[in-house]
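Analysis of the macromolecular model
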Amino acid sequence: MKRRRIFQRQATAPGGWGRAVLHAGAAIVALLSIWEASVRIWHPARHVWPALSDVAGVFATKGPTLLANAWATAYETLIGFGLALIVGVAGGIVMNSSRRLAQALWPSILFAQMTPKIALAPLLLAWFGFGLIPKIIIAFLITFFPILLSTYTGLRAVEPEKEELARSMRAGPVAYLLRFAFPSALPFIFSGARISITLAVIGAIVAEFVGADKGLGQLLLQSATNLDTPLLIAAVLLLGSMGVALYGAVLLAEYLFIPWHISQRGGDRVAAGEI
Amino acid sequence: MRADAASITRLSEFALQVRDVSRVFSTHRGEQVTALGASSANVKAGEFIALVGPSGCGKTTLLKIIGGLLPPSAGSVTYKGEPVTGPVDDLGIVFQQPILLDWRTVQSNITLQLSLRHLLDPAEQAERARALLASVGLAGFEDRYPWELSGGQQQRVSLCRALVHRPGLLLMDEPFGALDAMTREQLQADLEELWIAARPIVVFVTHDVGEAVSLADRVLVFSGKPGRIVEDIRIDVPRPRAASLLENPKLQNYAKQVRALLGPGNVPPKAVASSSTTSNTVRVQS
């Protein structure tokens, strides 16, 4: 009867999803109203502070252009992030498997991490041109480290008893990793992924700033040059929405993959046995 | 322990033999710390052994060495005639914390033990898990998740997992130390019942003298640092007796005897603070 109750009420604020959406929606409508009202009251120049309706007009007239550019940026971000996820998790597993390897590799990885990725952008531009590849590489480089670090930390944080338990059950190294260590590390990996996905968007945009033929970053620069502020703001809004959607996708994955973790449990946080 | 002449001539009588096992750890400062002084013990098949002693006397170290989870610095362990070099084949283990996998249901936490050993088909695995759960009062909890259970319920699941493959050797490292007194007494009774039914060798580490004498066939008493076994006391009281410490003067005498060996200065404060009503009574009596 009470079984599964916690899954059904997962990750909801008091009042449930409906009310959360209502609250967020009300806040957004209020902000947009203030924006439109400010223009009606003060009448600023259009290239300085355009009205909400001007920006909405841009979405209507230049919708396909905006979407095509947004798609390019989303593509760079997702491929870069996806590669970082694969390489970061694999790297974390490898580094955790050998202390010697970890000692050998950490300084180089740290050096790579501490070097501003933007500094590499001109070089990548020279190598790969104005296409998608330099952006994907920058997005990858900027997101790789948090995922590597969180995987490594998550694997090292597995209780020693869990490892002894696995050995007592005759689990080999692969079974130990798959059945015990990796699931234990997943909450860490997801918190790394949350940080990474926000960085991935920044990485792609910054790489586009350095030189690109499409993408929202390129569109931002171009519209600023042309003093087309409504288009610029439309691009910024689209970029923000894209970032939120990508972050939401990571949260959704978290909800699907680690529903058992304490961060994902809804309802009152008490053991059912105590109710 | 006391030299047992018979054990030397009839080695095969003992399923588990611990010979002069010791363990030295290196600390991060590079110091050598003897966690366990040379210890020996012979255990017959189906015997229930309790290891009692002050904190840091090496009881847990010995437990892990017996299970093959930790290599000894010196000495040897044989189990069923074979030298122990890695985790023993038919080993079950229960820790102070339940160490259940949060992403698995109660039932699949238990059946993982069977799956990893490639024992039984899924239907039989489920059936065996269900039967065990029912025997510890958790029928109907199969599809719950560990975090939906209370601490005592979680520890029962952990016990089921340790027994589901019918191990010959069950290691328990202060398994009831984190539970409240009432839950602990219930679990002690459950454990005795399960042990009588399956008769594995149990090696049971505890701080609680009352718990040791009421559960074990033999209580091995450790000295303080560096720890080693100083006495081997056979508890000659018919079973079942786990829940009868309060009423049983013989058990209380044994408890008094063990306490005298530990000495008032050697009893760790934790054992006193966390002791159940049973061991408090023993203290009053002694």
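**A word on empty space enclosed by the protein**
All names here are of chain B. In this structure the tally under the stated criterion is 3 cavities of 30 Å³ or more. By volume, the second largest cavity is sized at about 50 Å³. Around the second largest cavity, the lining residues are Leu16, Val18, Ala41, Val43, Ile49, Leu51, Leu62, Ile66, Val203 and Leu220. Where the lining of the second largest cavity is concerned, the elements lending two or more residues are strand E1 (14-26), strand E2 (32-44), strand E3 (48-52) and helix H2 (59-67). When the residues that make up the lining of the second largest cavity are grouped by side-chain class, the tally is 10 nonpolar, no polar and no charged.

**Details of the interface of chain A and chain B**
The interface is formed by 25 residues belonging to chain A together with 28 residues belonging to chain B. Counting each side, the surface lost to burial between chain A and chain B is near 2800 Å², with a carbon and sulfur contribution of 63%. In this assembly, chain A and chain B are joined by 2 salt bridges. As a salt-bridge pair, Asp89(B) and Arg170(A) come within 3.4 Å of each other at their nearest N and O atoms. Applying the counting rule to chain A against chain B returns 6 residue pairs in polar contact (both at pLDDT 80 or more).

**Brief notes about the pattern of salt bridges**
Residues and elements named next belong to chain B. Taken as a whole and assessed by the stated rule, the structure comprises 16 salt bridges over all chains. Asp217 is the salt-bridge partner of Arg239, the closest N and O atoms lying 2.9 Å from each other. Taken together, the residues span a long stretch of sequence, with Arg239 in the loop between strand E10 (229-234) and helix H8 (249-262) and Asp217 in the loop between helix H7 (209-215) and strand E9 (218-222) at a distance of 22 residues. A relative accessible area of 24% means that Arg239 is categorised as partly exposed. Classification of Asp217 as buried rests on a relative accessible area of 13%. Each of the salt bridges in this network shares a partner with another, and the network as a whole consists of Glu47, Arg218, Asp232 and Arg234.

**Quick word on helix H7 (residues 133-156) of chain A**
Working note: α-helix, 3.6 residues per turn, so residues spaced by three or four point in the same direction. All names here are of chain A. For H7, spanning 24 residues, the distance from its first C-alpha to its last is 34 Å, which sits close to the expected 34 Å at 1.5 Å a residue. By the largest-angle criterion, Phe144 marks the main kink of H7, which is about 35°, and a proline, Pro146, follows within four residues. With respect to burial, H7 is a largely interior element, 18 of its 24 residues being buried.

**A short note on the sheet that holds strand E5 (residues 82-83) of chain B**
Residue and element names in this part refer to chain B. Taken in spatial order, the 4 strands line up as E2-E1-E4-E5 in an open sheet, and their pairing is antiparallel. Here the strands that pair on one side only, and so sit at the sheet edges, are E2 and E5. Where E1 and E2 come together, 9 bridges link them in antiparallel fashion. What sits directly across from Ser26, in E2, is Gln32.

**Observations regarding unusual backbone geometry**
The omega torsion across Arg239(B) and Pro240(B) is -5°, close enough to zero to call that bond cis. Position of Pro240(B) relative to the elements: it lies in the loop between E10 and H8. Phi is positive for His43(A), close to 45°, though the residue is something other than glycine. Its location among the elements puts His43(A) in the loop between helix H2 (16-42) and helix H3 (52-61). Judged by its relative accessible area of 61%, His43(A) is exposed. Positive phi, close to 50°, is recorded for Arg199(B), a residue that is not glycine. Note that Arg199(B) resides in the loop between helix H6 (181-198) and strand E8 (201-206). What makes Arg199(B) partly exposed here is its relative accessible area of 44%.

Calculation rules
- Residues numbered from 1 in each chain as written.
- Chains lettered and ligands numbered in written order.
- Predicted model: local features only at pLDDT ≥ 70, side-chain atom pairs only at ≥ 80, totals over all residues.
- Heavy atoms only, no water.
- 1 Å grid on protein atoms, 1.4 Å probe; cavity = no way out; pocket = protein on both sides within 12 Å on 5 of 7 lines; lining within 4 Å.
- Points joined across faces, edges and corners; volume = space filled by probe spheres on them.
- Helix = DSSP H or I, 4+ residues; strand = E, 2+ residues; numbered from the N terminus.
- Nonpolar A, V, L, I, M, F, W, Y, C, P; charged D, E, K, R; others polar.
- Contact = heavy atoms within 4.5 Å.
- Buried area = accessible area lost by both parts, 1.4 Å probe.
- Salt bridge = Lys/Arg side-chain N within 4 Å of Asp/Glu carboxyl O.
- Polar contact = N/O pair within 3.5 Å; in protein donor to acceptor, adjacent residues only side chain to side chain.
- Buried < 20%, exposed > 50% of the residue type's maximum accessible area, 1.4 Å probe, protein only.
- Expected span 1.5 Å × (residues − 1).
- Bend = angle between axes of the 7 residues up to and from the residue.
- Pairing = 2+ DSSP bridges.

Interpretation note: all reported values are geometric properties and have no functional meaning in isolation.
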